[in-house]
Amino acid sequence: MCIRDSYYHYGYYCPNMKQQLANIPPQKIEKFKEENKSTIDRIIKLRGEIRSLACTQNPDWNKVIEKQKEIAELRFELEKKAISSGLPPFVVGHILHPGYGHKFKKGHQGPYNK
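A brief report on the enclosed structure follows. Values in this document were obtained by computation on a predicted structure and should not be read as measured data.

What follows deals with the layout of surface pockets. If you add up the space inside the largest pocket, you get close to 160 Å³. Contributing to the lining of the largest pocket are Arg47, Ile50, Arg51, Gln68, Ile71, Arg75 and Leu96. Sorting the residues of the lining of the largest pocket by element identifies helix H3 (37-54) and helix H4 (61-84) as the ones contributing at least two each.

It is worth spelling out the packing of H3 against H4 at this point. At a closest axis distance of 10 Å, the pairing of H3 and H4 adopts a crossing angle of 160°. With respect to H4, the element H3 is oriented roughly antiparallel. Remark: the crossing between H3 and H4 carries left-handed chirality. Across the interface between the two elements, Thr39, Ile40, Arg42, Ile43, Leu46, Arg47, Glu49, Ile50, Leu53 and Ala54 from H3 touch Trp61, Lys63, Val64, Lys67, Gln68, Glu70, Ile71, Leu74, Arg75, Leu78 and Lys81 from H4. For the contact of H3 with H4, the per-class residue count stands at eleven nonpolar, two polar and eight charged.

With 18 residues, H3 extends 26 Å from end C-alpha to end C-alpha; this agrees with the ideal 26 Å at 1.5 Å per step. Taken residue by residue, H3 has Thr39, Ile40, Ile43, Leu46, Ile50 and Leu53 as its buried positions. The arc that holds every buried residue of H3, seen down its axis, measures 145°, which confines them to one face. Opposite the buried face of H3, by more than 90 degrees, sit the exposed residues Ser38 and Arg51. On its buried side, H3 packs onto helix H2 (26-35), H4 and helix H5 (90-96).

Conventions used here
Residues numbered from 1 in each chain as written. Predicted model: local features only at pLDDT ≥ 70, side-chain atom pairs only at ≥ 80, totals over all residues. Heavy atoms only, no water. 1 Å grid on protein atoms, 1.4 Å probe; cavity = no way out; pocket = protein on both sides within 12 Å on 5 of 7 lines; lining within 4 Å. Points joined across faces, edges and corners; volume = space filled by probe spheres on them. Helix = DSSP H or I, 4+ residues; strand = E, 2+ residues; numbered from the N terminus. Axes fitted to C-alpha atoms, helices over the stretch in contact; angles between N-to-C directions. Parallel < 35°, antiparallel > 145°, perpendicular 65-115°, else oblique. Left-handed = near helix turned anticlockwise from the far one by under 90°. Contact = heavy atoms within 4.5 Å. Nonpolar A, V, L, I, M, F, W, Y, C, P; charged D, E, K, R; others polar. Expected span 1.5 Å × (residues − 1). Buried < 20%, exposed > 50% of the residue type's maximum accessible area, 1.4 Å probe, protein only. Arc of directions from axis to C-beta.

What follows is the structure, encoded as structure tokens:
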């Protein structure tokens, strides 16, 4: 497989991601989302708080860092739960960032397609 024809996720080379996602029943992902709705909502809320803090005139970067650490811990917990549910951990990224992880078309001038 040529790197140019592969799939990327947040800038990392992930050649099998689309195939792996296609093999996961959507009901299993939906069930995981429902079981972990409070954690997912908490992460989304923290992201909004980070944006609000960072967009102020004089941001308190220590508070931003604290919230980023909390997001990292929550995401790690979600990934552990995904693995224990029989899902690959990258599913968490697709739940938290819908629309990311798309296929670059041939000729795309990204860092890996030069």
